Amino acid sequence: MIDYEAIMLTIITASTPLLLAAIGELVVERSGVLNLGLEGMMVMGAVAGFAMAQVTGSAWLGVLMAMFAGVAMSLLFAFLTQTLVTNQVATGLSITLLGLGLSGLIGSGFVGMPGVKLESVSIPVLSDLPYVGTLVFGQDPLVYISIILVIGVSYMLKRTRMGLIIRAVGQNHNSAHALGYSVIKVRYACIAFGGMTSGLAGAYLSLVYTPQWIENMTAGRGWIALALVVFSTWLPGRLAAGAYLFGGVWILGLYAQGMGVPIPSQLLSSLPYVATIIALILISTNRRLSVINTPASLGQGFVPDR
Amino acid sequence: MRLILEKRPQASRLMYFSSPLLAIVLTVIVGGLIFAAMGQPPLRALYLYFIDPITNLWSIEEVLVKATPLILIGVGLAVTFRANVWNIGAEGQLTAGALMGSIIPILFTSWQSPLALFCMLVMGMIGGALLAAIPALLKVRFGVNEILTSLMLVYIVHLLLDWLVRGPWKDPFGYNFPKSIGFDDWHLLPTFGDGRVHLGLVIAIIIALILYWVMARTIKGFEVRVIGAAPRAGAFAGFSQAKMVWFCFLLSGGLAGLAGIIEVAGTIGQLQPNISPSYGFTAIIVAFLGRLNPIGVIFAGLLLAVSYIGGEGVQIELGMSDKTTQVFQGMLLFFILMCDTLIHYRLRFLKGNGGQL
Amino acid sequence: MSNLTMAEKPNFESVSKPLLEVKSLTKKFGDFVANDAIDLVLEAGNIHALLGENGAGKSTLVKMIYGALQPTAGQIIWQGQIVTIENPAAARELGIGMVFQHFSLFEALTVTENISLALPPHLRTSDLEERIANLSQDYGLPLNPRALVVDLSVGERQRIEIVRCLLQEPRLLIMDEPTAVLTPQEAQALFTTLRRLADEGCAVLYISHRLEEVKQLCHDATILRLGEVVAQLDPQQETAGTLAQHMVGSSVHAVSRQDNNQAGDTLLQLTNLYQQADTPFGVDLVDLNLEVRSGEIVAIAGVAGNGQGELFSALSGEVTNQDAAAITIQGQACGHTPINGRRQLQAAFVPEERNGHSAIGDFSLTENILLSRHAVADDQTPLHQGWAGIKRAELAKVNAEVASKYDVRSASIDAEAGSLSGGNLQKFVVGRELDRQPKVLIINQPTWGVDAGAAALIRQALIDLSRQGSAILVISQDLDEIFELADRVAVISRGQLSSSYKASAISREEIGLLMSQEKSAPANEATAQGSS
């Protein structure tokens with residue numbers, strides 16, 4: 001018999017890093033910035049989190065360090081794209097390349113070391129409930145944080161003034177500037193937030209998913225998270241649904257391999273990437289859906305006159 | 001104090017040429033600091049990294065061998081990025097070219113003629129172009145972001161290569177190692193003398209020169225620049241955005257594929273799970289460092305090739321991680337983008353926030 | 001932070017000092033002096049005109065008053081106290097509101113959200129929607145607070161900007177070229193609102209280059225030329241001619257035009273032209289019919305955003321049509337033909353936007369010549385040839401010819417296009433096409449944002465070309481321009497085209513009615529009030 005709760009658990013575990021990275025990028029893109037450095041920020045978070053936890057023995061200090069590393073990388077991106085108005089696509093790529101290299105360099109001393117795992121929550125009685133106990137009450141803290149972030153971002157964008165300002169800046173930075181909003185400050189803040197959640201996503205990989213350091217352990221998840229943001233048409237609820245769907249696809253491949261399905265393992269491993277492409281095609285066939293939410297100034301630099 | 005930009009009335013020629021040099025200097029300085037931070041003697045490490053590779057014939061040859069794919073892919077990407085089309089999946093197209101071109105030496109081992117080698121090169125180009133056609137089609141037909149699709153295909157085609165060399169194309173007498181049979185001499189690129197430098201370098205430089213002419217002097221190059229600078233002006237000039245996407249992807253994909261088969265038939269001599277130390281991604285840096293100009297790409301390709309050999313040098317001599325190379329390459333792209341701002345803007349520091357009175 | 005202490009407003013009655021005084025205000029951009037020691041005095045209850053050509057420095061001046069730019073030197077005195085206006089929020093805090101020429105609106109946000117973004121915290125109450133509805137009713141500026149901006153007409157969008165200022169009960173309202181996008185009737189309605197505001201004690205700084213309007217509305221006028229104040233006067237005492245003289249510095253060369261009663265063969269014809277918009281927020285063209293004959297200029301009037309851009313794309317072939325016969329040029333059906341094919345039929349096109357459409361700022365002028373002429377067969381010598389490449393010498397020759405014939409002034413003969421002033425670049429772009437002596441010319445907003453001298457030169461060149469037997473279609477929002485140029489006029493509204501009328505037989509008001517056809521109340525009200 002298939003243990004459905006175990007499968008759900010692994011799906012959530014596989015989805016959470018995607019969700020964490022993507023929810024930050026969603027805010028970044030809503031403010032009109034395209035940060036392709038997700039993969040680099042994530043992998044830096046992973047190595048920084050692992051290293052800190054390894055040295056101090058505290059997974060939580062690792063999580064903090066990972067967030068710090070993600071923010072630091074994102075601020076490099078912000079400095080180039082916002083202050084120096086460089087091309088956002090190329091700058092994002094450079095952050096990714098830099099992150100992959102730097103993480104390898106920092107992590108070279110940590111390869112093969114035992115890691116520290118961030119423990120799951122355990123609430124007496126509730127966590128032991130059949131079927132839903134672990135699923136609802138026994139996850140690791142980052143899962144809850146990711147869900148809180150999705151709800152929080154959704155509320156922030158829709159209902160708060162801050163959200164209104166972020167949307168305004170993303171839609172038309174010239175108008176926002178004319179009304180006296182500091183486009184660049186708003187974007188710096190959003191980019192830093194994106195760096196923080198990417199760092200968290202990295203920490204999830206190296207402190208929860210597989211508590212050890214492996215080179216390039218993000219394996220393209222940063223890019224898939226970027227695709228998820230497009231797929232979500234910039235709506236947090238849809239983003240969460242998409243992330244769990246992708247986590248499902250990822251786990252499907254692993255399970256099939258584990259159960260000895262006579263398909264080459266490489267084919268199963270390629271499923272998430274194929275699914276990403278298919279998802280992008282599906283969403284693009286419905287253009288009107290994405291038009292209203294698409295930040296109109298996405299990817300364009302802004303230089304105010306003085 | 002605040003840093004602000006002031007637009008120059010005309011782009012600065014001086015900065016256009018000196019910004020790559022400035023970026024290199026910054027990379028060297030920060031690189032030295034990183035070495036020092038890791039407890040290595042910075043000057044010694046920098047010497048090993050940048051100078052040592054060009055002090056003896058053996059390593060100069062290695063530099064030229066590594067520069068070959070970088071230049072081939074870099075010139076294609078230079079044209080593509082100029083047109084504001086973002087193919088960042090050259091690494092996958094390289095692999096696809098290597099796979100397609102290897103059909104002849106692996107499956108038609110007995111076809112031994114100079115024509116076979118020529119056909120391998122052509123098939124390599126077709127392989128790369130075919131893979132690149134997927135993001136092009138999706139972009140033109142559905143408006144799907146080409147950055148994401150071209151990148152996803154890198155992972156997919158790598159897995160395909162992995163499957164082939166562990167499965168159907170595995171050398172039956174290879175002690176179960178994941179690699180194909182070694183290519184027959186007829187299926188290998190001729191080398192210069194007894195060295196490692198092969199015909200690929202000549203091909204790469206000829207293609208770079210041709211593309212230089214195309215970009216600088218022909219209407220096709222003009223079309224690329226117009227569409228890249230202002231798509232609406234492109235439509236006004238009667239140039240088709242969709243055709244440009246196809247042109248760029250087929251060109252850069254074809255050249256990446258060519259680089260792939262050249263790498264396999266010139267340097268490695270067989271298929272294996274790893275055929276490229278991220279040439280396809282490094283070529284992105286090559287293209288930018290070379291000012292998106294094919295002649296510039298030749299020099300940038302040589303420099304980045306030095307960084308590979310230098311990285312191996314510090315790895316062997318100082319026992320540092322092979323990731324040093326990637327860090328230097330990442331920094332180089334980062335700083336070149338930073339310095340390029342100076343072409344169009346002057347930097348000024350303002351006290352306070354610019355207020356008056 | 002003197003601006004914060006100024007937030008408490010003194011009583012209107014107790015103020016004897018002027019509302020706003022500007023003393024030797026100067027703004028430099030690098031070496032360029034945009035405003036040179038400007039003095040200006042605004043009194044409460046007055047409508048003060050700020051006149052000047054494009055590039056005279058009007059926008060720079062008001063942006064400093066509104067806190068969007070910081071002055072290099074000089075003082076701003078608000079109700080007797082020197083203030084530093086650090087940003088637009090501080091300006092609004094003082095009681096200064098501004099309606100921009102290019103609206104600062106967000107298309108995918110609602111009216112309420114747009115307004116809320118510009119309000120200080122104490123005005124963002126939960127009943128904002130209701131207050132918007134009430135205030136807009138009260139001032140005759142009807143608005144649905146929940147509508148998305150993208151669904152609104154240009155006139156409605158301007159109302160958002162005005163309501164957003166009025167909610168803050170401004171002491172000073174700055175209006176930047178407000179009537180440029182309105183029908184004559186809508187403009188009259190706006191004047192009524194402005195007069196009422198002035199009566200209530202608000203000062204209005206009214207920027208315009210439409211002299212008739214200024215005479216009709218304003219109490220005082222300040223005239224700027226090349227960044228300096230050249231006159232401060234009472235517009236009622238002046239004629240449009242003398243005002244223009246102050247603006248330009250010399251008497252404007254009047255465009256001369258003889259009526260042309262013997263138009264020849266039809267060179268451009270639209271027959272049941274339908275075109276779906278290619279962007280989600282564009283305007284669909286519906287059943288357009290028109291013919292333009294040899295020797296005549298036909299103008300298409302209309303308020304911005306009624307399908308002018310789409311019409312230009314359809315006519316130029318930047319977007320091709322399903323129906324080949326919908327468009328004929330010189331008798332040839334060419335709906336399927338892309339732009340260069342139409343150029344080969346001796347047609348030429350000048351789009352509205354100079355920067356990034358008809359020219360590329362980062363490219364040299366010679367390269368910009370190539371932009372529209374690389375595939376044109378009627379050139380004597382081809383400008384490029386296969387692998388042999390682009391013939392730079394030929395290009396330079398054409399460029400020199402255009403520069404001398406159309407008085408294009410640039411720092412060097414082959415400067416970057418972006419370094420030219422708006423007027424010079426437009427002369428270049430128009431000259432590049434006219435140099436080919438096209439049989440059919442389609443030109444969108446020929447003199448938008450250019451100085452009076454360049455505008456006169458361009459208009460004269462268009463008239464001369466038509467009198468040599470070419471057919472010219474002018475798309476314009478500027479009725480002055482239309483009456484200066486056109487033999488016949490048609491009006492585009494919501495993607496539909498009216499029948500055409502002889503220009504000498506139709507009035508501004510009649511055109512205004514055609515512009516606002518299918519539109520609701522305000523235009524009709526304005527008509528009912530009559531116009532002068």
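Note that residues are indexed from 1 along each chain, following the sequence as it is written. To label them, take the chains in the order written and letter them from A, then take the ligands in the order written and number them from 1. Local features are withheld for residues below a pLDDT of 70 in this predicted model, meaning they are given only at 70 or higher, and side-chain atom pairs are given and counted only at 80 or more; totals for whole chains, interfaces and linings count all residues. To obtain the side-chain values, all non-hydrogen atoms of the structure were included, while hydrogens and water were left out.

Enquirer: So what's going on with the overall build of chain B? Residues and values would help.
Expert: Each helix and strand in chain B was counted, giving 14 helices and 2 strands. Radius of gyration means the value over C-alpha atoms here, while the globule rule gives 2.2 Å times the residue count to the 0.38 power. Relative to the compact-globule value of 21 Å for 357 residues, chain B shows a C-alpha radius of gyration of 22 Å, a close match. Principal-axis analysis of the C-alpha atoms gives chain B an extent of 85 × 60 × 35 Å. Burial status follows relative accessibility: with a 1.4 Å probe on protein chains alone, a residue under 20% of its type maximum counts as buried, one over 50% as exposed, and anything between as partly exposed. Within chain B, the fraction of its 357 residues that count as buried is 58%. In chain B, once contacts between residues fewer than 6 apart in sequence are set aside, the share between residues at least 24 apart is 78%. Only the protein chains shown count as cover for residues, with accessible areas throughout obtained via the Shrake-Rupley method and a probe of 1.4 Å. Accessible surface, chain B as shown: approximately 14,200 Å² in total, 67% of it carbon and sulfur. Working convention for charge: Lys and Arg count positive, Asp and Glu count negative, and His plus the chain ends are omitted. The atoms used to mark charge sites are NZ of Lys, CZ of Arg, CG of Asp and CD of Glu. Measuring between centres, the 23 positive side-chain charges of chain B sit 18 Å from its 17 negative side-chain charges. Strands are runs of DSSP state E lasting at least 2 residues, helices are runs of H or I lasting at least 4, and numbering of each runs from the N terminus. Between two residues, a contact is recorded if the distance between any of their heavy atoms is within 4.5 Å.

Enquirer: Describe the pattern of salt bridges, naming the residues involved and giving the relevant values.
Expert: We define a salt bridge as a side-chain nitrogen of Lys or Arg found within 4 Å of a carboxyl oxygen belonging to Asp or Glu. This model, assessed by the stated rule, comprises 34 salt bridges over all chains. Of the charged contacts in the structure, one is a salt bridge between lysine 323 of chain B and glutamate 215 of chain A, with a shortest N-O distance of 3.6 Å. Note that lysine 323 of chain B is positioned in helix α14 (residues 323-344) and glutamate 215 of chain A in the loop between α9 (183-209) and α10 (221-231), a pairing that runs across two chains. On the basis of relative accessibility, which here comes to 7%, the residue lysine 323 of chain B falls in the buried class. Glutamate 215 of chain A gets classed as partly exposed once you look at its relative accessible area, which sits at 34%. With a shortest N-O distance of 2.9 Å, aspartate 162 of chain B and arginine 166 of chain B are connected by a salt bridge. Taken together, the residues span about one helical turn, with aspartate 162 of chain B and arginine 166 of chain B both in helix α7 (residues 146-166) at a distance of 4 residues. Take arginine 166 of chain B: its relative accessible area is 43%, and that puts it in the partly exposed class. In this structure, a network of salt bridges that share partners links the residues Arg459, Asp478, Glu481 and Glu484 of chain C.

Enquirer: Outline the interface of chain B and chain A, supporting the account with residue identities and numerical values.
Expert: Facing 42 residues of chain B, the contacting portion of chain A comprises 47 residues. Accessible area that two parts lose when put together, evaluated with a 1.4 Å probe and summed over both, is termed the buried area. Taking both partners together, chain B and chain A bury about 3,900 Å²; carbon and sulfur atoms supply 82% of that area. At the junction of chain B and chain A, the tally comes to 1 salt bridge. Put simply, the parts of the chain that give the side of chain B that touches chain A at least two residues each are β1 (2-7), α6 (114-142), α7, α12 (279-289), α14 and β2 (345-350) of chain B. Sorting elements by how many residues they give to the side of chain B that touches chain A places α7 of chain B first, with 12 residues. Tallied by class, the residues present in the side of chain B that touches chain A amount to 31 nonpolar, 6 polar and 5 charged. For this classification, Asp, Glu, Lys and Arg are treated as charged, while Ala, Val, Leu, Ile, Met, Phe, Trp, Tyr, Cys and Pro are nonpolar and the rest, including Gly, are polar.

Enquirer: How would you summarise the interface of chain C and chain B if you had to cite specific residues and measurements?
Expert: With 36 residues of chain C in contact, the opposing surface of chain B contributes 27 residues. Across the interface of chain C and chain B, roughly 2,700 Å² is buried in total on both sides, 60% from carbon and sulfur atoms. Across the chain C-chain B interface, the total number found is 1 salt bridge. The partner of glutamate 367 of chain C in a salt bridge is arginine 225 of chain B, and the shortest N-O contact between them spans 2.7 Å. Only β4 (73-78), α11 (339-344), α12 (365-373), β18 (389-390) and α14 (422-434) of chain C provide two or more residues apiece to the side of chain C that touches chain B. Examining the composition of the side of chain C that touches chain B, we find that 4 residues originate from one element, α12 of chain C, more than from any other. Split by residue class, the side of chain C that touches chain B holds 12 nonpolar, 15 polar and 9 charged.

Enquirer: Quick rundown of the pairing of strand β7 (residues 172-176) of chain C? Include the residues and the values.
Expert: All names here are of chain C. When you tally the buried positions in β7, you get 5 out of 5 residues, the bulk of the element. A pair of strands counts as paired when DSSP detects no fewer than two bridges linking them. As judged from the 4 bridges shared by strand β6 (residues 96-99) and β7, these two strands associate in the parallel manner. Its bridge partner lying in β7, glycine 97 is registered against leucine 173. Taken together, the 5 bridges between β7 and strand β8 (residues 203-208) define a ladder with parallel strand orientation. Residue methionine 175 lies in a different strand from β8, and its bridge partner there is tyrosine 206. Handedness is read with the strands pointing away from the viewer; a crossover is right-handed when the path from the first strand over the helix to the second is clockwise. Of the crossover connections in this fold, the one passing from β7 over helix α7 (residues 184-199) to the parallel β8 is right-handed.

Enquirer: Talk me through the domain arrangement of chain C; I want residue IDs and the actual numbers.
Expert: Residue and element names in this part refer to chain C. Segmentation into domains, and thus their bounds, comes from an automatic or database assignment. Assigned domains within chain C: domain 1 (46-67 + 85-248), domain 2 (263-346 + 439-532) and domain 3 (354-437). One C-alpha centre belongs to domain 2, the other to domain 3; they are set 25 Å apart. At the junction of the two partners, domain 2 supplies 20 residues and domain 3 supplies 19 residues. When domain 2 packs against domain 3, the two sides together hide about 1,500 Å² of surface, and 60% of this comes from carbon and sulfur. Our count for the domain 2 to domain 3 interface comes out at 0 salt bridges. What qualifies as a polar contact is a pair of N or O atoms within 3.5 Å, subject to a donor-acceptor requirement within protein and to the restriction that residues adjacent in sequence count only when both atoms come from side chains. Between the two partners, domain 2 and domain 3, sit 6 residue pairs in polar contact (both at pLDDT 80 or more). With 5 residues, the single largest contributor to the side of domain 2 that touches domain 3 is helix α15 (residues 452-467). For the side of domain 2 that touches domain 3, a count of residues per class yields 10 nonpolar, 6 polar and 4 charged.

Enquirer: Which residues make up the pairing of strand β21 (residues 488-493) of chain C, and what values do they have?
Expert: Residue and element names in this part refer to chain C. Among the 6 residues that make up β21, 6 are buried, leaving the element largely enclosed by the rest of the structure. On β21, burial covers both faces: Arg488, Ala490 and Ile492 on one face and Val489, Val491 and Ser493 on the other are all buried. In terms of strand pairing, β21 meets strand β23 (residues 501-502) through 2 bridges, oriented antiparallel. Counterpart to arginine 488 in the pairing with β23 is lysine 502. Connecting β21 to the antiparallel partner strand β22 (residues 496-497) that follows it, the hairpin turn spans 2 residues, and arginine 494 within it adopts a positive phi of roughly 50°.

Enquirer: Which residues make up the sheet that holds strand β10 (residues 228-233) of chain C, and what values go with them?
Expert: Residues and elements named next belong to chain C. Read across the sheet, 6 strands follow the order β6-β7-β8-β3-β9-β10 without closing on themselves; strand pairing throughout is mixed. Each edge of the open sheet carries a strand with a single partner, namely β6 and β10. Strand-to-strand, the axes of this sheet are offset by a mean angle of 20°, without reference to chain direction. In this structure, strand β9 (residues 220-225) lies alongside β10, joined through 5 bridges in antiparallel fashion. Note that in β10 the partner of leucine 224 across the bridge is valine 229. In this analysis, axes come from line fits to C-alpha atoms, helices being fitted only over the stretch in contact, and the angle between any two N-to-C directions falls in the range 0 to 180 degrees. Helix-sheet contacts for helix α6 (residues 154-166) involve β6 and β7, and the interaxial angle to β6 is about 180°. Where helix α9 (residues 240-248) meets the sheet, it contacts β3 (47-52), β9 and β10, and its direction lies at approximately 35° from that of β9.

Enquirer: Before we move on, could you go through a nonpolar patch on the surface and cite the residues and values that matter?
Expert: All names here are of chain B. Patch membership is restricted to residues that have no salt bridge and whose relative accessible area is over 30%. Joining uses 9 Å for like charges and 5 Å for the nonpolar side chains Val, Leu, Ile, Met, Phe, Trp and Tyr. Side chains of Leu107, Phe108, Trp111, Leu115, Phe118, Val122, Ile126 and Leu130 sit close together on the surface and give an oily, nonpolar patch of about 770 Å² of accessible area. It is α6 that contributes the most residues to the nonpolar patch, 5 residues altogether. Following the sequence through the fold, phenylalanine 118 ends up in helix α6. On the basis of relative accessibility, which here comes to 52%, the residue phenylalanine 118 falls in the exposed class.

Enquirer: Provide a residue-level description of the confidence of the model for chain B, including the pertinent values.
Expert: Across the chain, each position has a pLDDT score giving the predictor's confidence in that residue, from 0 to 100. Looking at chain B as a whole, its pLDDT mean stands at 92, while 97% of the residues score no less than 70. Counting contacts from residues 353-357 of chain B, a segment whose pLDDT is below 50, to residues more than four positions away or on other chains yields 11 contacts.

Enquirer: How would you sum up the sheet that holds strand β2 (residues 32-42) of chain C? Please name residues and give values.
Expert: Strand pairing within a sheet occurs via backbone hydrogen bonds; the two strands may be parallel or antiparallel. All names here are of chain C. Strand order in the open sheet formed by 4 strands is β2-β1-β4-β5, and the pairing between neighbours is antiparallel. Strands at the two margins of the open sheet, each flanked by one partner only, are β2 and β5 (81-83). Neighbour-to-neighbour, the strand axes of the sheet open up by a mean angle of 30°, direction not taken into account. Its contacts with the sheet put helix α2 (residues 58-65) on β1 (20-29), β2 and β4, and the angle it makes with β1 is roughly 120°.

Enquirer: I'd like a description of unusual backbone geometry, backed by residues and values.
Expert: Despite not being glycine, leucine 292 of chain B has its phi angle at roughly 55°, a positive value. Inspection of the secondary structure assignment puts leucine 292 of chain B in the loop between α12 and α13 (294-318). Overall, leucine 292 of chain B belongs to the buried group, its relative accessible area being 14%. The backbone phi angle of glutamine 79 of chain C is positive, close to 50°, even though this residue is not glycine.

Enquirer: Describe α2 of chain C, naming the residues involved and giving the relevant values.
Expert: Residue and element names in this part refer to chain C. Burial of α2 is extensive: 6 of the 8 residues sit out of reach of the surface. Here α2 has its buried residues at Lys58, Thr60, Leu61, Val62, Met64 and Ile65. Immediately beyond the C-terminal end of α2, within one or two residues, lies glycine 67, with a positive phi of roughly 80°.

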